[in-house]
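Coordinate inspection notes
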Amino acid sequence: MKTQPRPIVDRSLPVVALVGRPNVGKSTLFNRLTGSHYAIVEDQPGVTRDRRYGKCEYDGRLFRVVDTGGIDFGAEGSISVGMRRQADLAIAEADVVLLIVDGKRGLLPDDYDICVKLRRAGKTILVVANKIDGPRHEDGIADLYGLGGGEVFAISAAHGRGMPDLLDAIVAGLPEPVQAEHEL
Ligand code: GDP
Ligand code: MG
């Protein structure tokens, strides 16, 4: 019998949340980080219906990844409302938030608003410019530095470009592992 992927219940693991406008590549990045095809990737924005949880291990650290794309659309049908809900969720449960931006389109007001909200909450944010499939796409990411968070990680979730640098930064942003009692 085929086993269905199940939400990870291990609450002790740190959480990395993927936040961003519809169609920026959150689910594609989720799939790359977790090695799963569980998150649904579609050309149509907002197609991911639920939050998706997966696990990622890198450099000896294990963490949970949550694709917040299921709340792309609020009941009001507004992208901005959906993004605010993503931010609330990420603020509530994430240790590190990846703010995913479409690097080919550059910075949009929704990206900026969400960033301000996350920063106010004191979250560790990594700004990720996705869809940078090759060096010629890098020109468009200059204005993303305006998000004020320092480094911008230029990646291609679809092809894996830039992933090692991003993963290094994610792991560096995780809280120190809680040592199991029997290890003390
Ligand atoms: P989400 O709505 O943020 O979850 O975005 P998806 O992961 O569903 O991706 C939206 C669209 O962008 C799909 O057509 C993907 O194939 C495409 N996409 C995602 N990542 C990349 C990338 O690195 N490069 C390019 N060129 N397209 C990408
Ligand atoms: Mg999605």
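Residues numbered from 1 in each chain as written. Chains lettered and ligands numbered in written order. Predicted model: local features only at pLDDT ≥ 70, side-chain atom pairs only at ≥ 80, totals over all residues. Heavy atoms only, no water.

1. A short note on the overall build of the protein chain
Across its full length, the protein chain carries four helices and six strands. Sequence-ordered secondary structure for the protein chain, helices as α and strands as β, is β-α-β-β-α-β-α-β-β-α. Each of the 184 residues in the protein chain was classed as buried or not, and the buried ones make up 48%. (Helix = DSSP H or I, 4+ residues; strand = E, 2+ residues; numbered from the N terminus. Buried < 20%, exposed > 50% of the residue type's maximum accessible area, 1.4 Å probe, protein only.)

2. Things to note about the sheet that holds strand β6 (residues 152–154)
Taken together, the six strands give an open sheet; going across it, the order is β2-β3-β1-β4-β5-β6, and neighbouring strands pair in mixed fashion. Across the chains shown, the open sheet's two edge strands, defined by having one partner strand only, are β2 (52–58) and β6. Averaged over all neighbouring strand pairs, the angle between strand axes comes to 30°, with direction disregarded. Note: strand β1 (residues 15–20) against strand β4 (residues 96–102), five bridges, orientation parallel. Following the sheet pairing, Ala17 is matched in β4 by Val97. (Pairing = 2+ DSSP bridges. Axes fitted to C-alpha atoms, helices over the stretch in contact; angles between N-to-C directions.)

3. Details of helix α3 (residues 109–120)
The terminal C-alpha atoms of α3, which comprises 12 residues, lie 17 Å apart, in line with the 16 Å expected from a rise of 1.5 Å per residue. All of the buried residues in α3 are Asp110, Asp111, Ile114, Cys115 and Leu118. Across the axial projection of α3, the buried residues extend over an arc of 130°, all falling on one side. Exposed and facing more than 90 degrees away from the buried side of α3 are Pro109 and Arg120. (Expected span 1.5 Å × (residues − 1). Arc of directions from axis to C-beta.)

4. Concerning helix α1 (residues 26–34)
With seven of nine residues buried, α1 lies mostly within the body of the structure. Among the residues of α1, Lys26, Ser27, Leu29, Phe30, Asn31, Leu33 and Thr34 are the ones counted as buried. Just downstream of α1 lies Gly35, where phi reads positive at about 65°.

5. Re unusual backbone geometry
The backbone of Asp59 sits at a positive phi, close to 50°, despite the residue not being glycine. Inspection of the secondary structure assignment puts Asp59 in the loop between β2 and β3 (61–67). Looking at Asp59, the relative accessible area reads 62%, which means it is exposed. Even without a glycine there, the phi angle at Lys131 is positive, about 70°. Structurally, Lys131 can be placed in the loop between β5 (124–130) and β6.

That's the geometry; what it means functionally is another story.
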